[in-house]
Amino acid sequence: MSLSIGIVGLPNVGKSTLFTALTNKGGLAANYPFATIEPNVGIVPVPDARLDVLGAIDKTERIVPATVEFVDIAGLVAGASQGEGLGNQFLANIRETDAICEVVRFFGDPDVVHVAGKVDPQSDVETIKTELMLADMGTLEKAIPRLEKEAKRDKAGALKLETAKKVLGGLDEGHRARSLELSDDERDALHDLHLLTMKPMLYIANVDEDRLDADLPLIDGCAPVPISAKVEADLAELDPEEAKEYLAEMGLEESGLARLIREAYRLLGLQSYFTSGVQETRAWTIPLGAKAPQAAGVIHTDFERGFIKAETAAYEDYVAFDGEKGCRDAGKLRQEGKEYVVQDGDVMHFKFNV
């Protein structure tokens, strides 16, 4: 599975500058509203130092990290759901992402105009929240007549209709769909509608470069990820060694991209396991709690369908005993069956029969 994150925010909060820096894609960034007209899509590798360590042990020919897809759309403004600005035209582009990341302006550059005339993070968050909720209300109001017809045919249709009305009522009272008390069956019933407020939300505080370690107020009860779009843009221009030196000079241990992806994994309950050998060392993304056959299925559905067992070593053991042979000799290479719950960092080889 590959993680996909939609990026939203008001115009001129640094959203497209950040997207350009994170993805090295070179999307348009400009000091006026609606600089992003078409949605931008960028795919970036997930930073994970463990890959290089495994690759060195196995003298691998190539290293393949996990990836994250970022989708950047035009800035949303108040009234977007009624056609104001351009952002509402592109909300469909982020409906199928796994999560939504909102960039909130905390930086105070007077040369970059704020669409509302002042820097007010909480007000910005409320504007975006309102527009996403209104967009979902529009989706549900459009879907309900169709669901009423389906409800007459089967129980599944009846559940969809009942849940749609329940969520519409909650939105009308000012509650995101995700915050409502819904059963797993109810959430599944509305999955195909891809409601924006049903998605997990991450917040990026786009701060001045001297405030990267400042204590920031919670946003919607969540701690925002402090990132300086300017610092990320500078990092994007440097080679890996220069970037390390630059981060050290800034007193930072990792890039904003690494912090953002780590928080996204935590929010979505994801982890990585590895396959490693002479030909390839690769990271695979799976949910926390996934069992061995599910992990195998991420590589290929045949692996899950014909799963027999998984030869597994913990990352720490794989490093300590210098690879698969050392782990086998030390009794650290385990044979795990269908009920094994994969742990973050496991190095795995699957046996299957189709």
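The shown structure was predicted, so the numbers you read here are calculated from the model rather than taken from an experiment.

Definitions and cut-offs
Residues numbered from 1 in each chain as written. Predicted model: local features only at pLDDT ≥ 70, side-chain atom pairs only at ≥ 80, totals over all residues. Heavy atoms only, no water. Buried < 20%, exposed > 50% of the residue type's maximum accessible area, 1.4 Å probe, protein only. Helix = DSSP H or I, 4+ residues; strand = E, 2+ residues; numbered from the N terminus. Pairing = 2+ DSSP bridges. Phe/Tyr/Trp six-rings, centres within 6.5 Å; stacked < 30°, edge-to-face > 60°. 1 Å grid on protein atoms, 1.4 Å probe; cavity = no way out; pocket = protein on both sides within 12 Å on 5 of 7 lines; lining within 4 Å. Points joined across faces, edges and corners; volume = space filled by probe spheres on them.

**Points about the pairing of strand S6 (residues 201-206)**
Argument step 1. Counting buried residues in S6 gives 6 out of 6 residues, a clear majority hidden from the surface.
Argument step 2. Neither face of S6 is exposed, since Met-201, Tyr-203 and Ala-205 on one face and Leu-202, Ile-204 and Asn-206 on the opposite face are all buried.
Argument step 3. Pairing of strand S5 (residues 99-105) with S6, which is carried by 6 bridges, proceeds in the parallel orientation. Bridge pairing in S6 links Val-104 to Ala-205.

**Section: the packing of aromatic side chains**
Argument step 1. Scanning all chains against the criterion turns up 4 aromatic pairs.
Argument step 2. Measuring from centroid to centroid gives 6.0 Å for Tyr-273 and Phe-350, while their planes differ by 90°, and the two rings are edge-to-face. Placement of the pair is Tyr-273 in strand S8 (residues 270-276) and Phe-350 in strand S12 (residues 347-352), with a sequence separation of 77 residues. By the burial criterion, Tyr-273 is buried, and Phe-350 matches it.

**Considering empty space enclosed by the protein**
Think of a ball as big as a water molecule: rolled over the atoms, this probe shows where empty space is left.
Argument step 1. All told, the structure shown has 1 cavity of 30 Å³ or more when counted by the stated rule.
Argument step 2. If you add up the space inside the largest cavity, you get close to 50 Å³.
Argument step 3. Lining the largest cavity, in full, are Glu-311, Tyr-318, Glu-324, Leu-333, Val-347, Met-348 and His-349.
Argument step 4. The element best represented in the lining of the largest cavity is S12, accounting for 3 residues.

Purely spatial values, then, with no claim about function.
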